[in-house]
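Letter by letter, the chains look like this.
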Amino acid sequence: MHIAPLIRAARATTSGLPQGFWWLWTSTLVNRTGAFVLTFLSLYLTQELGYSAWYAGLVIALHGLGGVAGSPLGGMLTDRWGRRPTMISMHLAGGAGAAALAVVSSAWGIAVVVLLMGVAMQAVRPAISAMIADMVPEPDLRRAYALNYWALNLGFAVAALGGGAAIFLGYRTLFVVDALATALCALIVFLRLGETRPKAADTVAGTPEQQVNVLDVLKDAPFRTLVLLNLLVCLIFTAPWVGLPLTMAHAGLSADSYGMVIAVNGVVIVALQLLVNRITEKRSPAALLTVSSLLFAAGTGATALAGTPLVFAATVVVWTLGEMVHVPTNAAATARLSPEHARGRYQGVMGMSWAVAGFVAPILAGWVVDGPGPDVLWMGCAVVGAVAAVGYTLLLRRALAENGTPEEAGQQEAAQVTVEKAEPIGG
């Protein structure tokens, strides 16, 4: 009886989407199911190769740094070269990196390979997001992005469980399996997906498409605001992955306790994402982003009050709900604000905010915990989340209105002189 709402939500969420989307969804699931490198890299470096924890942390940070460069690169290639060739080439590059880790053991070699893997893995994301926007009608976009995000988490859960069970085969074997899964992902794209880049992408208003760059994208003021607010949310979202285990250690809890607590994140997403999609369907994007920011603020802020594994797990549930609302809504908002001919670049710039947070937040969280202390970290996260919520409400409510009328557009210009829409690129 309790499963009936989930079944109804699954049917409503998965119906009516084009076949091409489901092939793309399948490729995402395959890719993430074999994603063993990042999950087990720190253990491989410290336990298998004998490197220090400091070096392992540096290598993980280099992966994030590569993503900062890879996101705009992928966006540019997506618009100039096409979605399909960008995905195929970057998947193959990422797979080659995973295979290389199975044979490279020097400190410099590993650092370079992981950095390049960060570039490739992040570069493929703007192409995936742009292809979804090309294929799926706008009213269904948030639902499609939510399903793709669900595939990411479902695949990650399978990888974590399967990798843990198969660790006796050796880390290098897992990396080879990762490479094969990524190659299979590229093969699915090659065999089952056609190019979706709009034909009008070559020129807009007589201006060569090549002239569009990151600075041009950032001239779009509402989108720039969306990126900056997303960066704030990303910092909060990333902080627990470093700050939470350190905070639990300060509270005298074991590493096993942390493993059980953080596993709640994946379990909640896999179990409830489809139901959350159903509940939030057709809601205002700005309202959803506001609510998600407040959930992040409440969940991370409450971590300062936690002292037992059960309470820590409850805080994870709260900010995970925020994650489930925020990620697909932000992706759909990015697609909504993106001109057809620059979808890849817009998604690339948005991806940079995630990559920058992935690089900065772990360093910042570690510094705050070691210095002012864990409570300062979590209270700071709560404040940042509240600021983001206010920003979404005051600055983006009109810009993200799904059915805005010309009259509303006029009201927006009068009410938000500080968030003036930039002229269309190439216009």
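What you are looking at is a predicted structure, and each value in this text was computed from that prediction instead of being measured. (Residues numbered from 1 in each chain as written. Predicted model: local features only at pLDDT ≥ 70, side-chain atom pairs only at ≥ 80, totals over all residues. Heavy atoms only, no water.)

Trainee: Looking at this structure, I do not really get the overall build of the chain. What am I missing?
Mentor: On a plain count of helices and strands, the chain comes out with 17 helices and two strands. Per-residue burial over the chain gives 50% buried out of 427 residues. Within the chain, residue pairs in contact and separated by at least 24 positions form 85% of the contacts whose partners lie at least 6 positions apart. Accessible surface, the chain as shown: approximately 18,700 Å² in total, 68% of it carbon and sulfur. (Helix = DSSP H or I, 4+ residues; strand = E, 2+ residues; numbered from the N terminus. Buried < 20%, exposed > 50% of the residue type's maximum accessible area, 1.4 Å probe, protein only. Contact = heavy atoms within 4.5 Å. Areas by Shrake-Rupley, 256 points an atom, 1.4 Å probe, with all protein chains shown as cover.)

Trainee: Would you explain the packing of helix α11 (residues 240–250) against helix α15 (residues 343–370) in this entry?
Mentor: When two helices pack together, their arrangement is captured by the angle between the axes and the distance separating the axes. The N-to-C vectors of α11 and α15 enclose an angle of 20 degrees; their axes lie 8 Å apart at closest approach. The angle between the axes of α11 and α15 places the two elements in the roughly parallel class. The interaxial crossing formed by α11 with α15 has right-handed handedness. Between α11 and α15, the residues in contact are Val-242, Gly-243, Leu-246 and His-250 and Pro-362, Ala-365, Gly-366 and Val-369, respectively. When its residues are assigned to classes, the contact of α11 with α15 shows five nonpolar, three polar and no charged. (Axes fitted to C-alpha atoms, helices over the stretch in contact; angles between N-to-C directions. Parallel < 35°, antiparallel > 145°, perpendicular 65-115°, else oblique. Left-handed = near helix turned anticlockwise from the far one by under 90°. Nonpolar A, V, L, I, M, F, W, Y, C, P; charged D, E, K, R; others polar.)

Trainee: Whenever I open this one, the nonpolar core confuses me. Can you help?
Mentor: One broad rule of soluble globular proteins: the nonpolar side chains tend to lie buried together. Counting residues in hydrophobic clusters, the biggest one holds 48 residues, and the most contacted among them are Phe-223, Leu-226, Leu-244, Val-261, Leu-377, Tyr-392 and Leu-396. Those elements that place two or more of their residues in this core are α10 (221–238), α11, α12 (255–280), α13 (285–302), α14 (309–337), α15 and α16 (374–395). Considering each element in turn, this core owes the most residues, nine residues, to α14. If near-sequence neighbours (up to four positions away) are discounted, Tyr-392 is found in contact with Leu-226, Leu-229, Asn-230, Val-233, Ala-286, Leu-289, Thr-290, Ser-293, His-326 and Arg-397. Counting residues in hydrophobic clusters, the runner-up holds 29 residues, among them Trp-25, Ala-123, Met-131 and Ala-331. (Core = buried A, V, L, I, M, F, W, Y, C linked by side-chain atoms within 4.5 Å.)

Trainee: Any chance you could explain the confidence of the model for the chain here in plain terms?
Mentor: Where the model shows low pLDDT, its predicted coordinates should not be examined in detail. Looking at the chain, the pLDDT average stands at 84 and 87% of residues meet or exceed 70. In the model, residues 201–209 has pLDDT below 50 throughout and makes 16 contacts with residues more than four positions away in sequence or in other chains. Low pLDDT (under 50) marks residues 403–427, which in the prediction has 33 contacts with non-local residues, meaning those over four places away or in another chain. (pLDDT = per-residue confidence, 0-100.)

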